[in-house]
Amino acid sequence: MKHMTRATIPDDTLKELYAVMLTIRLFEDRTCARYAEQEMKCPVHLCIGQEAIAAGVCAHLKREDYIFSTHRSHGHCIAKGMDLKSIAAELYGRSTGCSRGKGGSMHLADPGHGIPGTTAIVGGCIPLAAGAALASKMKGDGRVSVAFFGDGAADEGVFLESLNFASLKKLPVVFVCENNFYATNSPQSARQPAVRIADRASGFGIPGVHADGNDVIRVFRTAAEAIARAREGEGPTLLEYTTYRWKAHVGPNSDIEAGFRPAEQHEEWMKRCPVEMYEQRLEQQGVLSAQERKAIFGRIEKQIDEAMDFARTSPFPKPGELFDDVY
Amino acid sequence: MPWTKIQADDSHTPVFFGGDERAREITYRNAIREALSQALMTDRNVFLIGEGIDDPGGVFGTTAGLKETFGDERVMDCAIAENGLTGVAIGAAIAGMRPVFVHMRVDFLPMCMDQIINHAAKWSYMTGGKVKVPLTIRAIIGRGWGSAAQHSQSLQALFAHIPGLKVIMPASPYDAKGLLLGSIAGDSPTICIEHRWLYDQKEEVPETPYMIHAGKGLVRRQGKDISIISTSYMVYESLRAASELEKEGISAEVVDLRSVLPMDEELIISSVMKTGRLIVADTGVSVCGVASEVAAIAAEQAFDSLKAPVRRICLPMTPTPASHVLERAYYPDHTAIVRAAREMTA
Ligand SMILES: Cc1ncc(C[n+]2csc(CCOP(=O)(O)OP(=O)(O)O)c2C)c(N)n1
Ligand SMILES: [Mg+2]
C-alpha cells in the first residue's frame, strides 16, 4: 500500500471519498434540522467541518478492521460503513437503534462493521484500540485498529501509556488525533504547550505525522501509509490532523455569536470547508460532473430520508428492557 | 490566613463570620458561586481548577465571572488529565494551598481514583496527622436527555467507602454555600457531589460567609409514622412524598443527610426511634450504597424500634439507559416512596 502515497488515486476511490464525506455532512445537517423537534432526546456532538478525516482514514479499512471512537463519533461510524438507519434510530431512542436505545448518540456500536463501541469518557477509546490490536496480533487475524480522538484526549495519561505499550509490542494500531483546537470551549493554548501533538510520538520511537485534516487527499495519503505500516507488522503511527468544528461542542447550534470562539477564526475555517474544497477539486480535475454530483446528493438525501423515517416509526424499547444486557 | 481564625463548630448551627446575616433568595448555582467567590476573596491560598472552568457558561453558572474577577492563575482552566491534575492539586494542598477541583460530571472522578483514594484520603493518617490535604473536589450528577451510562452516575458510595475522605451532598442553596465554605476551610479532602437538577432551587441564603461542617444532617419535615432519610435531589422527592402521604393520614419525617461521610448516625437513630419505620431514598444504586449504610445503622442501633422492614428507594442495578422511555423506568420518584410508605404502614 506504500505506493499509495504518490500514486494516482483511482476515480472510483475519489468519488467514494466524496460520497462518504457528503453522507456525513448531510446526516449531521439533518440531525441539526430535526433536533429542534426535541424527539432526539440525547446530546449530539456533531462533526460538521471534520468529515475529511473520517472519510480519508476509513477508506483504507476493511470491514473487519476495528475503529474506536468518542462522543463525536457519527462521522467515523458512517465512514466505517454503519447503516444510517441504526444510527438514526439510536438517536431517536428506539429499540431498533444500534444499541437498542441504551446508548444514544454517544455510544454508537456495530460490531459487524468493526465498531465495537464508542465512549464518552475522553481518552477512553485509545487504550481500547491498542487492546484490540493486541488481540489481532496474538490471533494473527491481520486486522488493524484505529483510535479516533480529539486534541483534548491527547493530554490524558492513557494516551501516553497506550503509545508506549503499542510501540513496545509493535501493535497494528493507528492513533488518529483530530485536532480541532478546542476541548469543549477550552482553547488548546489553555491546555497544552505549543508543541505539535504528532511530535509526542517521537518519545516512543514511532512515526508522528501531522497533516491538514480538511484536505481529504492529504488525509487519505498519510493514513494509507500508517495503516499499511500497521498491517505489515511494523507497529503504530500517530496521525494528527488539524481541522475545525463548526457547531457548538454539543448540540446543533453555533456558539460563535455567544462569544465562545472568535468569529474571524470561524470564518477562516468556513472558507476551508472540506466538502466544498474537495468538490471543486474533483470538478477541476474532471472527475465529477455537476450532474454526477447531483445524483450522488440525491441518492444520499434519499438514504437519510429513509433512515429518519425508519427511526421515527420504530418502536420504543419496552420499560422492562431496562434490565436486559447488564451482563 | 483568615480561615484559621474560624473556630470549627460541630453543632447544627452554621458558623458565621462577618456578622451581617442578612439573607436573600438565591439559586443553588449562585449559592455555590458565592461560596467560591468569597473563599477566593478571603483566602489567597484558595484556587479553582477544572477543564472549562472559565467557560462563558461557567460550569452551569457556578463559576461564571470568577476568572474575570480573580484572574486565570486562581481560576485555572486545564488539560483533560484528571488523574495527574488531581495529584497536582493534592500536592498543592499539601504545600499549603486550598484547591477546589471542579468536574462537570461525577463520571469523570473514576479517572482520579488513584490520587483520591491512595493519596489524598490516606496522607494525613500515613503521616501521623502531620500533613493535611485541604482539597475540595466538586462533581455534578447529570440526569436526563439521554445522558446515558457515562454522564449520569451517582458515585457517592464509592467515596463514602474510603476512610479519610469526607463526602458532602448539599440539597439546598443554604447548605451548598455553607458546606462548600466549610470544606474549603477544613483540612480534609472532601468530595462535594451536586445534582444538576438542584441548580435552579431557590432559598434564603445569608450574604455573609458561613460554614457548615460535614457530618450533620437535618430534619426537613417533622413526622411521627415513618422516617424518609434522603440525599441530594431525593430530598425533594421525599418532601413531595411526605405531602402526598399527609393527605392519606401518614405522617412522614424527612431527613436530609447533607453529608454521607461522616454520616449523622445520631440523627438517623433518633428519627427511626421516633417513627419506627425507615425508607432511605438515595440518588445512587442500592447495592452496597449509601442507603445500605443507613439501613445498617438502623438495624444495628435502633432494631427494637423498627415496626416494618426497611425499604431502599434507589436506582436499579443497571447502568443508565439513554432512551427517555428507559430513563422513565430507571429513575424512582416520589410515587415509589409513597407506595413503599403505604405498604409499610398498612
Ligand atoms: C474523562 C473526561 N473528562 C471530561 C469530559 C468532558 N468532556 C466531554 S468532551 C470534552 C472535550 C473533548 O475535547 P477533544 O478531545 O478535543 O474532542 P472534541 O470534542 O474537540 O472532538 C470534555 C472535556 C469527559 N467526557 N471525559
Ligand atoms: Mg478538540
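Residues numbered from 1 in each chain as written. Chains lettered and ligands numbered in written order. Predicted model: local features only at pLDDT ≥ 70, side-chain atom pairs only at ≥ 80, totals over all residues. Heavy atoms only, no water.

Visitor: Explanation requested: the sheet that holds strand β7 (residues 237–242) of chain A in the structure shown.
Guide: Consider a sheet: its strands pair through backbone hydrogen bonds, and that pairing is either parallel or antiparallel. Residue and element names in this part refer to chain A. Spatial ordering of the open sheet is given by β1-β2-β3-β7-β6, a layout of five strands whose pairing is parallel. On the outer flanks of this sheet lie β1 (66–68) and β6 (208–212), each paired with one strand and no other. Sheet twist, expressed as the mean angle between neighbouring strand axes with direction ignored, is 20°. Pairing analysis gives six bridges linking strand β2 (residues 145–150) to strand β3 (residues 173–179), with the strands arranged parallel. Within β3, the residue paired with V146 across the bridge is V174. Packing of helix α7 (residues 216–231) onto the sheet brings it into contact with β3, β6 and β7, and relative to β7 it is tilted by some 170°. (Pairing = 2+ DSSP bridges. Helix = DSSP H or I, 4+ residues; strand = E, 2+ residues; numbered from the N terminus. Axes fitted to C-alpha atoms, helices over the stretch in contact; angles between N-to-C directions. Contact = heavy atoms within 4.5 Å.)

Visitor: How should the interface of chain A and chain B be read in this particular structure?
Guide: Buried accessible area, meaning the area lost when the parts come together, often serves as the stated size of an interface. Each partner contributes residues to the interface: chain A has 36 residues there, and chain B has 33 residues. Of the roughly 2,700 Å² buried between chain A and chain B on both sides combined, carbon and sulfur atoms contribute 66%. Looking only at chain A, the three residues that lose the most surface to chain B are A:K41, A:I121 and A:L322, adding up to 24% of its buried area. Counting across the interface, chain A meets chain B through zero salt bridges. Our count for the contact surface shared by chain A and chain B stands at 14 residue pairs in polar contact (both at pLDDT 80 or more). Considered class by class, the residues forming the side of chain A that touches chain B number 18 nonpolar, eleven polar and seven charged. (Buried area = accessible area lost by both parts, 1.4 Å probe. Salt bridge = Lys/Arg side-chain N within 4 Å of Asp/Glu carboxyl O. Polar contact = N/O pair within 3.5 Å; in protein donor to acceptor, adjacent residues only side chain to side chain. Nonpolar A, V, L, I, M, F, W, Y, C, P; charged D, E, K, R; others polar.)

Visitor: Where do I start with the packing of aromatic side chains in this structure?
Guide: Between two aromatic rings, the relevant description is the distance of the centres plus the angle of the planes. Considering all chains together, one arrives at eleven aromatic pairs over all chains under this definition. Ring geometry for B:Y330 and B:Y331: centres 4.9 Å apart, planes at 80°, overall edge-to-face. What links up through ring pairs into an aromatic cluster is the set A:F181, A:Y244 and A:W269. Geometry around B:Y331 places B:R143 over its ring, the cationic atom sitting 3.9 Å from the centre. (Phe/Tyr/Trp six-rings, centres within 6.5 Å; stacked < 30°, edge-to-face > 60°. Lys NZ or Arg CZ within 6 Å of the ring centre and 35° of its normal.)

Visitor: Could you clarify how one ought to interpret the pattern of salt bridges in this entry?
Guide: Side chains carrying opposite charge are able to pair once their charged atoms draw close together. Residue and element names in this part refer to chain B. On inspection of all chains with the given rule, the structure shows 35 salt bridges over all chains. Salt-bridge contacts for D187 lead to R98; the nearest nitrogen and oxygen are separated by 3.0 Å. You can see D187 sitting in the loop between α7 (173–185) and β8 (190–195) and its partner R98 sitting in strand β5 (residues 98–103), a full 89 residues away along the chain. Taking relative accessible area as the criterion, D187 reaches 39% and is therefore assigned partly exposed. With its nearest N and O atoms 2.6 Å apart, the salt bridge here joins R138 to E194. On the criterion of sequence distance, the pair formed by R138 in strand β6 (residues 136–141) and E194 in strand β8 is long-range, its members being 56 residues apart. The class of R138 is buried, set by a relative accessible area of 1%. The class for E194 is buried, based on a relative accessible area of 0%. What you see here is one network of salt bridges that share partners, running through D175, R220, D256 and R258. (Buried < 20%, exposed > 50% of the residue type's maximum accessible area, 1.4 Å probe, protein only.)

Visitor: Even after reading the chapter, I still don't get the coordination of the magnesium ion (ligand 2), so can you show me in this structure?
Guide: Residue and element names in this part refer to chain A. For the magnesium ion (ligand 2), the full set of protein donor atoms is D151 (OD), N180 (OD1) and Y182 (O), at a range of 2.1 Å. All donors to the magnesium ion (ligand 2) come from one chain, and their sequence spacing reads D-x28-N-x1-Y. In this pair, D151 sits in the loop between β2 and α6 (157–168) while Y182 sits in strand β4 (residues 182–183), placing the two residues 31 residues apart along the sequence. Accessibility expressed as a relative area gives 1% for D151, which makes it buried. The buried category is assigned to Y182, whose relative accessible area is 9%. (Donors = N, O, S within 2.8 Å, 3.2 Å for Na, K, Ca; no water.)

Visitor: How should the packing of helix α5 (residues 125–139) of chain A against α6(A) be read in this particular structure?
Guide: Between two packed helices, what matters for the description is the angle formed by their axes and the separation of those axes. Residue and element names in this part refer to chain A. At their nearest, the axes of α5 and α6 sit 8 Å apart, and the two run at 20° to each other. Regarding the angle of α5 to α6, the classification is roughly parallel. At the point where α5 passes α6, the crossing takes the left-handed sense. Contacts between α5 and α6 pair I126, P127 and L134 from the former with V158, F159, S162 and F165 from the latter. Along the lines of polarity and charge, the residues of the contact of α5 with α6 split into six nonpolar, one polar and no charged. (Parallel < 35°, antiparallel > 145°, perpendicular 65-115°, else oblique. Left-handed = near helix turned anticlockwise from the far one by under 90°.)

Visitor: Please clarify how the sheet that holds strand β11 (residues 218–221) of chain B should be interpreted in this entry.
Guide: All names here are of chain B. Pairing in this open sheet of five strands is mixed, and the strands run β11-β13-β12-β15-β16 from one edge to the other. Pairing within the sheet leaves two strands with one partner each, and these edge strands are β11 and β16 (311–315). Each strand axis lies, on average, 25° off the axis of its neighbour in the sheet, ignoring direction. Bridge count between strand β12 (residues 226–230) and strand β15 (residues 278–285): four bridges; the pairing is parallel. Bridge pairing in β15 places S230 opposite A281. Here helix α8 (residues 234–247) sits on the sheet and contacts β11, β12, β13 (252–256), β15 and β16; the angle it forms with β13, its principal contact strand, is near 170°.

Visitor: Which parts of the structure should I look at to understand the packing of helix α1 (residues 11–35) of chain A against α7(A)?
Guide: All names here are of chain A. At a minimum axis separation of 11 Å, α1 and α7 run at an interaxial angle of 115°. What the angle tells us is that α1 and α7 run roughly perpendicular. Classified by chirality, the crossing of α7 by α1 is right-handed. Contacts from T13, L14, L17 and M21 of α1 reach α7 at V216, I217 and F220. Tallied by class, residues from the contact of α1 with α7 come to six nonpolar, one polar and no charged.

Visitor: Can you walk me through the site of ligand 1 in this structure?
Guide: As a matter of local geometry, ligand 1 sits amid 21 residues, with A:H71, A:R72, A:A120, A:D151 and B:E82 nearest to it. The residues that come close to ligand 1 belong to more than one chain, namely chains A and B. One nitrogen or oxygen atom from the main chain of A:V122 is found 3.0 Å from a nitrogen atom belonging to ligand 1. Separating a nitrogen atom of ligand 1 from a side-chain N or O atom of B:E82 is a distance of 2.5 Å. Coverage of ligand 1 by the protein amounts to 95% of the 580 Å² it exposes when considered alone. For the shell around ligand 1, a count of residues per class yields nine nonpolar, seven polar and five charged. (Near = heavy atom within 4 Å. Areas by Shrake-Rupley, 256 points an atom, 1.4 Å probe, with all protein chains shown as cover.)

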